[in-house]
Amino acid sequence: EAQVTQNPRYLITVTGKKLTVTCSQNMNHEYMSWYRQDPGLGLRQIYYSMNVEVTDKGDVPEGYKVSRKEKRNFPLILESPSPNQTSLYFCASSLIQGSGYTFGSGTRLTVV
Amino acid sequence: GIQVEQSPPDLILQEGANSTLRCNFSDSVNNLQWFHQNPWGQLINLFYIPSGTKQNGRLSATTVATERYSLLYISSSQTTDSGVYFCAASPSGGSYIPTFGRGTSLIVHP
């Protein structure tokens, strides 16, 4: 089944403890991106990648890192999480620029 | 950057009613998508429709690129249609980064 898989679905962590949210797609998509969704602010893009080893900042990149060493994987790294990064995170992929997105199921992160 | 506005922000319907959701965008686009976020938070791609009209069951969408708007039609609404509907637009001639609207929250009562 074609899908984008994010893990974990839920995560509660403490301020400053490094964490990684994984994202993997099995559709051979070139384009992948990360979004955060907050009440009243909608979906905002954090980082995106147009292919292996090609990443770029979205609208809200501060406090996040990404890597794209393989086409299928695009992990989101929070080196030193803070409470303002408490949010619902989505990974998305698409075949090429200009085609439809497929979203992962989301990761609800709470930083205390 | 491109501005994306959706209306109405909230909509309450009785099961069986029809509705039209609107998405206005401030610049010419090469990509326009509609998504449904169900009450469990999942985001499902409904349409990729930079121009023209598409239909999928009870849902259809029309984008009039020259007028800078897109419409999502829901006919014979069902309770499972409840959730938030987002449109996302990517500007022509620039980066692919799509900008999302704030969404239309739909509640369908039985």
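Structure shown above.
Asker: Please give an account of the overall build of chain B that cites residues and values.
Answerer: When you go through chain B residue by residue, the secondary structure sums to zero helices and 11 strands. When its helices and strands are written in sequence order, chain B yields β-β-β-β-β-β-β-β-β-β-β. For 110 residues, the compact-globule estimate of 2.2 N^0.38 gives 13 Å, and the C-alpha radius of gyration of chain B, at 13 Å, lies within 12% of that figure. Judged by the C-alpha coordinates and their principal axes, chain B covers about 45 × 25 × 20 Å. Within chain B, buried positions represent 47% of all 110 residues. Intrachain contacts of chain B at a sequence separation of at least 6 include 55% that bridge at least 24 residues. If you sum the accessible surface of chain B, you get close to 5100 Å²; carbon and sulfur atoms cover 49% of it. Across chain B, the centroid of the 5 positively charged side chains sits 5 Å from that of the 6 negatively charged ones.

Asker: Any details on the interface of chain A and chain B? Residues and values, ideally.
Answerer: Listed by partner, the interface residues are 21 residues for chain A and 16 residues for chain B. In this structure, the connection of chain A to chain B is made through four residue pairs in polar contact (both at pLDDT 80 or more). Among the secondary structure elements, those contributing two or more residues to the side of chain A that touches chain B are strand E4 (31-38), strand E5 (42-51) and strand E9 (87-94) of chain A. For the side of chain A that touches chain B, the element with the highest residue contribution is E5(A), accounting for four residues. Across the side of chain A that touches chain B, the residue classes tally to 10 nonpolar, 10 polar and one charged.

Asker: Can you lay out the pairing of strand E8 (residues 69-74) of chain B for me, pointing to particular residues and giving the numbers?
Answerer: Residue and element names in this part refer to chain B. Counting buried positions along E8 gives five out of six residues, so the element sits mostly inside the fold. Across six bridges, the pairing between strand E3 (residues 19-25) and E8 is antiparallel. Of the residues in E8, the one forming a bridge with asparagine 24 is tyrosine 69. Sheet analysis places strand E7 (residues 59-64) next to E8, joined by six bridges and oriented antiparallel. From the neighbouring strand, alanine 61 faces E8, where its bridge partner is leucine 72. Between E7 and E8, which pair antiparallel in sequence order, lie four residues; one of them, arginine 68, sits at a positive phi of approximately 60°.

Asker: Let's hear about the state of the cysteines: which residues, and what values?
Answerer: Chemically, a disulfide is nothing more than a covalent bond linking the sulfur atoms of two cysteines. Summed over all chains, the structure comprises two disulfides over all chains. The disulfide bridge from A:Cys23 ends at A:Cys91, spanning 1.9 Å between sulfur atoms. Of note, the bridge from A:Cys23 to A:Cys91 carries an S-S torsion of about -70° and is left-handed in sense. Remark: A:Cys91 occurs in strand E9 and A:Cys23 occurs in strand E3 (residues 19-25); sequence separation between them is 68 residues. At a sulfur-sulfur separation of 2.0 Å, the disulfide partner of B:Cys23 is B:Cys87. Taking the sign of the torsion about the S-S bond as the criterion, the disulfide between B:Cys23 and B:Cys87, at about 75°, is right-handed. Remark: B:Cys87 occurs in strand E9 (residues 83-91) and B:Cys23 occurs in strand E3; sequence separation between them is 64 residues.

Asker: Give a description of the sheet that holds E7(B) that names residues and reports values.
Answerer: Two pairing modes exist for strands in a sheet, parallel and antiparallel, and in both the strands are linked by backbone hydrogen bonds. Residue and element names in this part refer to chain B. Strands sit in the order E1-E3-E8-E7-E6 across an open sheet of five strands; the sheet is antiparallel. Two strands close off the open sheet at either side, each with one partner strand: strand E1 (4-7) and strand E6 (52-56). Adjacent strand axes in the sheet meet at a mean angle of 15°, parallel and antiparallel pairs treated alike. As paired elements, E6 and E7 share five bridges and run antiparallel to each other. Looking across to E7, one finds that threonine 53 is bridged to threonine 62.

Asker: Tell me what's going on with the environment of A:Ser105, and back it up with residues and numbers.
Answerer: Considering the arrangement of structural elements, one finds A:Ser105 in the loop between strand E10 (102-103) and strand E11 (107-111). Separated by 49 residues in sequence, A:Ser105 and A:Asp56 have C-alpha atoms that sit 23 Å apart. Aside from chain neighbours lying at most four places away, what touches A:Ser105 is A:Val4, A:Gln6, A:Arg9, A:Phe90 and B:Gln42.

What counts, and at which threshold
Residues numbered from 1 in each chain as written. Chains lettered and ligands numbered in written order. Predicted model: local features only at pLDDT ≥ 70, side-chain atom pairs only at ≥ 80, totals over all residues. Heavy atoms only, no water. Helix = DSSP H or I, 4+ residues; strand = E, 2+ residues; numbered from the N terminus. Rg over C-alpha atoms; globule rule 2.2 N^0.38 Å. Buried < 20%, exposed > 50% of the residue type's maximum accessible area, 1.4 Å probe, protein only. Contact = heavy atoms within 4.5 Å. Areas by Shrake-Rupley, 256 points an atom, 1.4 Å probe, with all protein chains shown as cover. Lys, Arg positive; Asp, Glu negative; His and termini not counted. Charge placed at Lys NZ, Arg CZ, Asp CG, Glu CD. Polar contact = N/O pair within 3.5 Å; in protein donor to acceptor, adjacent residues only side chain to side chain. Nonpolar A, V, L, I, M, F, W, Y, C, P; charged D, E, K, R; others polar. Pairing = 2+ DSSP bridges. Disulfide = S-S within 2.5 Å. Axes fitted to C-alpha atoms, helices over the stretch in contact; angles between N-to-C directions.

Read these as layout, nothing more, since geometry by itself doesn't imply function.
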